[in-house]
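# Results of the structural survey
Given next are the chains, with one letter for each unit.
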Amino acid sequence: MRKYLISLFLATSLYSNNNFISLDSITISTPKEDLLNTTILTADDLKYSKEQTLDEQLNKNSSYLPTKDMFGLNTVSFRGIKPSATNVIVDLIPLYRTNSGYIDLYNNYNVYDVVSNMGSIPSSLGVSSMGSDIELISKKPKQNFEAEIITNVSTFDNNEKVFVKHKDKDNFIQLSANRYDRDSYKLSNNFTPTTEQPSSTRINSDKEYTDYELWLGHNLSDNDSVSFKYKESQSNYGIEPNVYDNSSWDAYSRMQKKDLKSLYGYYDHINDNFETNARVYYDQYKDMWTLYNDNSYTSHYPLSLYDDSRIGTVLKTTVSNDNNDKLSYVLNIQEDQHIWKEDGRGHTPTFEYQSINTSIIGKKNFNKISLDSAITYKDFRPTKVDYDNDPSFTQSNDGTKNNAFDYQMTLGYLEDINFWYTSFSKTTKTPTMEEMFAFFPWYSINTNLKAEESNNVEIGYKRFLNNNGLFSIGMFHYDIKDKIVSQNGGYINLDEATHKGSELKYQDIFFDIHKFSFGYMYLIAKDGDNNDLELIPKNRLVLEDKIMFNSKYTSTIQYIYLSDRIDNTDNSGTKTLSDYSFVNLFFNATLYKHCISTIGVKNLFDTNYEVAYGFPSEGRNLYGQIVWNF
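Residues numbered from 1 in each chain as written. Predicted model: local features only at pLDDT ≥ 70, side-chain atom pairs only at ≥ 80, totals over all residues. Heavy atoms only, no water.

## What about the packing of aromatic side chains?
As enumerated under the stated definition, the model contains 21 aromatic pairs in all. Look at Tyr413 and Trp420: their rings are 6.1 Å apart centre to centre, the planes differ by 40 degrees, and that puts the pair in the tilted class. These aromatic residues form a ring-pair network of at least three members: Phe172, Trp215 and Tyr266. One residue, Arg79, lies across the ring of Phe476, its end atom 4.1 Å from the ring centre. Lys207 extends its terminal NZ or CZ atom over the ring of Tyr237, reaching a point 5.0 Å from the ring centre. (Phe/Tyr/Trp six-rings, centres within 6.5 Å; stacked < 30°, edge-to-face > 60°. Lys NZ or Arg CZ within 6 Å of the ring centre and 35° of its normal.)

Here it is as structure tokens:
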């Protein structure tokens, strides 16, 4: 069925009439009034390249490195700093994190523009995090009625999205639904089968994901508005085993079910020189570890459930003047709860903690000189640690308590088309719940675990070119104190670690039809004993050329290269992962005014590569897509 539908896409993409809409709606260059904020891509840009997840979208930028979380799932790392140190913010609300500090990056992010400040200036909530800040900005309806249907079918999976939007003078409503399904996928033909992975069909690779979102808004006056959003997502997927070493946790028989329900409230007051934003948010999260229904899978593990929730609020007030000077005060209070239930245990450990962040953010312009600065006070405290008299646990300490004072300052100098900047900051990252508490009897707790602290320096230069082109180069140096790493079933602090390197980026248009971009990062990441840190390559190169044949047809080719890196495994010791490169290619055709078709292939040359030791990536994947706009 999938092959038939792909053939249909290939055929229909060859035909169109004289009506068209332009795909070229993306501005390459960064706006001069906000030079350090870098727009990575917009929702319209990623729609036609089968980049379903946020980690895939971010990987178009050389600053972000592909990596894996503790269960082999895809995630991203900013300049090699671990993913739990990167903040993701959606319309001023921090995205929900699991107890391990990871964010589920598979979601309906196509409705957002994706922006990063690259860690060089304060984020919208205060001092930037150690791993940069990703901000997702919702796209509200612009017309009385808007609708979009996206159908995506590939060799391995299929995905359907529906968006319906309406607005009138004082109200708006947005509805969206998203469904993704992958029953299996194939590895490269060059993959060598192993005992744990005897065929090219990836074991336990099945995945289902759905989400639904309703957003209602009302204008109270010309300056005041309120809105409410309800979102529910469900996912169900098998845990892919390490293809070389699966003896430690019997991953063949495990599967994971994740349910997230969110209710958010927004209030905004905006006038010429004063703005107030208020957010309240509540999330309920269930993460269940169970067994496959298929009788061919067997395991001695019982059903295990994490039943988590959080509630929080964000208050932000900003005053500004006609010179674009701004001063903001931000208060973010959040309480999290984690409950662990396991069949037959008879005890229910419960953990609660509270975090309070208070920030002052300022922006001042002095003719050609700009100053961006922020100070943030963080307070983190467990409020409940109860192992429910479970004799398997002997911990009595309440976990890590922290308070920290962070700061950030960036000086910029703009002269015509040239911009120089330098940035200094101190940032602190508190341990995750998993790092603080023993969730399983074989885990050990470190009662002296400290928060990570990083002192960051960056200098850079940007130059605007003709045809909206941009050239930039930057050098950075992060000194990390008390870096948290896993060891012997628990977590310890490394005395120090260093991330340093440089980045070069170039974007321009050639011959009026080639939109070309180049990104390269050189990175050295070492611990205090001068050993390489794991899963961090020294070189990453990203090339892309979008060819705009005319207003109806475009073609894009992407090339991504990653140099070798090490992986410190639990059972196989330190392993070196080979360097790799792959090519993605896709073609867009405007069939008529409201319909765009895409055909493409990911991993064109069927490269065999792995992001982490024992977790090979999918081989060549052919896909087709149709987008209907109304």
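## Quick notes on unusual backbone geometry
Residue Arg79 is not a glycine yet carries a positive backbone phi of 55 degrees. Mapped onto the fold, Arg79 is located in the loop between strand 3 (74-78) and strand 4 (87-90). Residue Arg79 is classed as buried on the basis of its relative accessible area, which comes to 2%. Look at Asn530: it is not a glycine, yet its phi comes out positive at around 70 degrees. Taking relative accessible area as the criterion, Asn530 reaches 54% and is therefore assigned exposed. (Helix = DSSP H or I, 4+ residues; strand = E, 2+ residues; numbered from the N terminus. Buried < 20%, exposed > 50% of the residue type's maximum accessible area, 1.4 Å probe, protein only.)

## Quick word on a nonpolar patch on the surface
A cluster of nonpolar side chains, Phe145, Ile149, Val162, Val164, Leu175, Leu214, Leu216, Tyr230, Leu263, Tyr282, Ile311 and Phe630, forms an exposed patch at the surface whose accessible area comes to about 1,000 Å². Only strand 8 (145-154), strand 9 (158-167) and strand 11 (207-219) provide two or more residues apiece to the nonpolar patch. Here Leu175 lies in strand 10 (residues 171-182). For Leu175, a relative accessible area of 43% corresponds to the partly exposed category. (Patch = residues over 30% accessible without salt bridge, like charges linked within 9 Å, V, L, I, M, F, W, Y side chains within 5 Å. Areas by Shrake-Rupley, 256 points an atom, 1.4 Å probe, with all protein chains shown as cover. Salt bridge = Lys/Arg side-chain N within 4 Å of Asp/Glu carboxyl O.)

## Concerning a negative patch on the surface
A cluster of acidic residues, Asp479, Asp495, Glu496 and Asp529, forms a negative patch at the surface. One can find Asp495 in strand 23 (residues 490-510). Given a relative accessible area of 64%, Asp495 falls into the exposed group. (Lys, Arg positive; Asp, Glu negative; His and termini not counted. Charge placed at Lys NZ, Arg CZ, Asp CG, Glu CD.)

## Re the confidence of the model for the protein
Low pLDDT marks stretches whose predicted atomic positions should not be read closely. Per-residue pLDDT for the protein averages 84, and the proportion of residues at 70 or more is 86%. Below a pLDDT of 50 lies the segment residues 1-31, which in the model reaches 78 contacts outside its immediate sequence neighbourhood of four places, other chains included. (pLDDT = per-residue confidence, 0-100. Contact = heavy atoms within 4.5 Å.)

## Examining the environment of Glu618
Within the fold, Glu618 resides in the loop between strand 32 (615-616) and strand 33 (621-629). Assessed through its relative accessible area of 22%, Glu618 is described here as partly exposed. Those residues in contact with Glu618, other than ones at most four positions away along the chain, are Phe156, Tyr185, Lys186, Asn603 and Tyr609. Polar side-chain contacts of Glu618 include one of 3.3 Å to the side chain of Asn621. (Polar contact = N/O pair within 3.5 Å; in protein donor to acceptor, adjacent residues only side chain to side chain.)

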